[in-house]
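# Working through the structure, step by step
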Amino acid sequence: MSKKKIKLTKKKILTVAGLLLLAVLTVLAYVFRGFVEVWLETGKVNSESSAIQSLYEGESGTSEAASGTEEISVNSRFYALLEQNEDTIGWLDVEGIDISLPVVQLDNSFYLKHNFYGEESSHGTLFLSRYNTADPNSEDYPDDCLIIFGHNMLDGTMFSDLTKYRKIDFVSANPFVSFDTLWEDSDYVIVSVFVANTLEEQGEPFLYNTMRRFDTEAEKQEFIDAVTERSLIVTNVDVGTGDTFLMLSTCDYEFTGERLVVVARKLRADETRESLAPYVVSENPDPLMPDIWNELYAK
């Protein structure tokens, strides 16, 4: 081979190597930029959450009847939050995990991609279903089930830690949730954790997100039976048709469109957290799972 051909071959090799290096550097730069953007947004979300919590905790007061009316007035703890966002409907505290966040209510799409201040954000904001009624002054009050939606963010924010309720030890140590609305403070005890599919080709979807109000006791019992047979856990908490419930819903990633839902029963008038002790929980050996889950994992 002539020296000229050797030089040309080396030149081609160097050119290809240079192009490959450029491509690799471009990909790395893109990945790095994405990492930085996520890191910055996560930091912003955490900072905003702290500021919002300070607003919530900065004002004290209790719900009381408005003077000269039959209506129940707004708890003064929410005044500062309402000044920032009139869509504020409540505050959710989930013990044992880093969820102490405001809950808004508008429609079921805006807050999927906007933060508490209405700014675009992939983290979104926890929101109560638009179809729920939490206002005791409404003729439709109360709902049998309140449903709160939130993203399962890979950076550990929003509803990502709900996945910890798959573990029996964690549920046992952290069985209570509080959801305080503008008008009422309420404690709930966890009674079910289940997995649901959303795509029909994965099996018939369990439409838990439509189960807000029941016309008969029989319909409500069907709901109780449905979340019980699907539950990954079994508890010693009594559940009946006279109870009301809170469902916390988020995405999970074992299959496309997967949802993880934590169901909690509102504490009754004669109950306290202490009176429900000991809270006993065990694993359900045979929960009803979506068809897609059985196809992927049953074997």
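For the structure itself, look to the data block above.
Reading the values: rules and limits
Residues numbered from 1 in each chain as written. Predicted model: local features only at pLDDT ≥ 70, side-chain atom pairs only at ≥ 80, totals over all residues. Heavy atoms only, no water. Helix = DSSP H or I, 4+ residues; strand = E, 2+ residues; numbered from the N terminus. Contact = heavy atoms within 4.5 Å. Areas by Shrake-Rupley, 256 points an atom, 1.4 Å probe, with all protein chains shown as cover. Buried < 20%, exposed > 50% of the residue type's maximum accessible area, 1.4 Å probe, protein only. Pairing = 2+ DSSP bridges. Core = buried A, V, L, I, M, F, W, Y, C linked by side-chain atoms within 4.5 Å. Phe/Tyr/Trp six-rings, centres within 6.5 Å; stacked < 30°, edge-to-face > 60°. Salt bridge = Lys/Arg side-chain N within 4 Å of Asp/Glu carboxyl O.

Regarding its fold elements, the chain presents five helices and ten strands. Within the chain, residue pairs in contact and separated by at least 24 positions form 64% of the contacts whose partners lie at least 6 positions apart. A total accessible area of about 16,700 Å² is found for the chain, and carbon and sulfur atoms account for 54% of it.

Within strand β8 (residues 245–251), six of the seven residues are buried, which leaves it mostly tucked inside the rest of the structure. In this sheet, β8 lies alongside strand β4 (residues 145–149) in parallel orientation, the contact comprising five bridges. Bridge pairing in β8 links cysteine 145 to phenylalanine 245. Here seven bridges tie β8 to strand β9 (residues 259–266), and the two strands are oriented antiparallel to one another. Within β9, the residue paired with serine 249 across the bridge is valine 261.

Core analysis: the largest hydrophobic core is formed by 71 residues, its most contacted members being Leu92, Ile148, Tyr165 and Ile190. When residues in this core are grouped by element, the largest group, eight residues, is from strand β6 (residues 187–196). When residues no more than four places from it in sequence are discounted, the contact partners of isoleucine 148 are Leu92, Val103, Leu126, Phe127, Leu128, Phe159, Phe179, Leu246, Met247, Leu248 and Ser249.

Attention now moves to unusual backbone geometry. Between tyrosine 141 and the following residue, proline 142, the backbone shows a cis peptide bond with an omega angle of 0°. Looking at the element boundaries, proline 142 is found in the loop between β3 (127–128) and β4. Here the residue pair alanine 277 and proline 278 is connected by a cis peptide bond, since its omega of 0° sits within 30 degrees of zero. Mapped onto the elements of the fold, proline 278 is located in the loop between β9 and β10 (281–283).

Right, let's talk about the pairing of strand β2 (residues 99–104) for a bit. When you tally the buried positions in β2, you get six out of six residues, the bulk of the element. Where strand β1 (residues 88–94) and β2 come together, six bridges link them in antiparallel fashion. By the bridge assignment for β2, glycine 90 is matched with valine 103. The hairpin formed by β1 and β2 contains four residues between the paired strands, and glycine 96 there has a positive phi angle of roughly 90°.

On inspection of all chains with the given rule, the structure shows twelve aromatic pairs. Ring plane angle 65° and centroid distance 5.6 Å describe the contact between phenylalanine 223 and phenylalanine 245, whose orientation is recorded as edge-to-face. Of the two residues, phenylalanine 223 sits in helix α4 (residues 217–230) while phenylalanine 245 sits in strand β8, which places them 22 residues apart along the sequence. Summarising the burial analysis for this pair, phenylalanine 223 and phenylalanine 245 share the class buried. Members of the aromatic cluster, each reached through a chain of ring pairs, are Tyr56, Phe78 and Trp91.

The next point concerns the pattern of salt bridges. With the rule as written, the count across this model stands at 16 salt bridges. For glutamate 184, the salt bridge identified is with lysine 266, shortest N-O distance 2.9 Å. Placement of glutamate 184 in the loop between β5 (176–181) and β6 and of lysine 266 in strand β9 is noted, with a sequence separation of 82 residues between them.

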